[in-house]
Amino acid sequence: MPTSDLPRDRAVLTMSPAARLAALVGIPALAVLGGLLLPVLARWLLDLSPGLPMRPVVRFVGAADRPWELAINAAIWLVVGIGGGSGLVSESAKVTLTRAEVRVDLPGRTRTVPRADIAAAFLDGRHLVLLDRESRHLVRDPLRVSGPVVARAFREYGYPWRDVDPYADRYRRWVPDTPELPAEANAVLAAREIALKKKARREVRDLREVVEKFGFAVRDEQDRQYWRPLVRS
């Protein structure tokens, strides 16, 4: 389970050792198990349905039954699982709260936000979001800590915690050449959609900041973008 350390002067929110172990060991183990079961499943599908789509691919997968083939298959899935588990751990932020500021640490990047700049704090799925008074994103980073733990810590340290995004009902799905947006914003969002599909996280973050300079906020659901006007104070 994720943990939160709450000493007198600060709260530290980060993925717990047990959760890290589950990601680094459990995910690779499940990947290997799934990889070993795939040939069995493929052979079962071939027997079940003569008209199976992509039959040559399924036949190729099901042909792996020799010990050395199974060993190679397991090794491939082990590498995939290790990469997935490591990525899960590395992308989760470490958040340190004091009554004066929030510090967010990610590999290669640290951001510190003064308490006075934060108008709203909430979780959007697995992302911690901090907004300023014009509803710009000060922080939008993955945080693999349970919601109640995060909410308790932010409230205890005097931050304006919200159970939901206060502007959620203002978002609209972006489509190319949205008429309500200026051409420049549409162009940036088009480039950002490509970055989303490529999973280029840094480029996605940077382009979100560019969109906000045009007066609009953007959030994502997988590779779909949703936008809304910023709130003018």
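Reference entry: report on the structure contained in this document.

On a plain count of helices and strands, the chain comes out with six helices and eleven strands. Within the chain, buried positions represent 41% of all 233 residues. Contacts spanning at least 24 positions in sequence make up 57% of the contacts within the chain whose residues lie at least 6 apart.

With that out of the way, let us pick up the sheet that holds strand β6 (residues 120-124). Taking strand neighbours across the sheet as the criterion, the three strands line up as β6-β7-β8 in an open arrangement whose pairing is antiparallel. Single-partner strands in this sheet number two, and they are β6 and β8 (137-142). Pairwise comparison of adjacent strand axes, ignoring direction, gives a mean angle of 15° for this sheet. The pairing of strand β7 (residues 127-131) with β8 spans five bridges and is antiparallel. Each bridged residue has a counterpart across the sheet, and for His127 the counterpart in β8 is Pro142.

With that out of the way, let us pick up the pattern of salt bridges. As enumerated under the stated definition, the model contains 13 salt bridges in all. In this structure, Arg136 and Glu134 form a salt bridge, with 2.5 Å as the shortest nitrogen-oxygen distance. Ionic contacts of the salt-bridge type, sharing partners, join the residues Asp124, Arg140, Arg219, Glu221 and Arg224 into one network.

We now examine the sheet that holds strand β9 (residues 172-173). Within the open sheet, the three strands sit side by side as β9-β11-β10. Their pairing is antiparallel. Strand pairing shows two members of the sheet lacking a second neighbour, β9 and β10 (216-221), which therefore form its edges. Examined bridge by bridge, β9 and strand β11 (residues 224-229) share two bridges and lie antiparallel to one another. When the bridges of β11 are listed, Arg172 appears paired with Trp227.

The rules behind each value
Residues numbered from 1 in each chain as written. Predicted model: local features only at pLDDT ≥ 70, side-chain atom pairs only at ≥ 80, totals over all residues. Heavy atoms only, no water. Helix = DSSP H or I, 4+ residues; strand = E, 2+ residues; numbered from the N terminus. Buried < 20%, exposed > 50% of the residue type's maximum accessible area, 1.4 Å probe, protein only. Contact = heavy atoms within 4.5 Å. Pairing = 2+ DSSP bridges. Axes fitted to C-alpha atoms, helices over the stretch in contact; angles between N-to-C directions. Salt bridge = Lys/Arg side-chain N within 4 Å of Asp/Glu carboxyl O.

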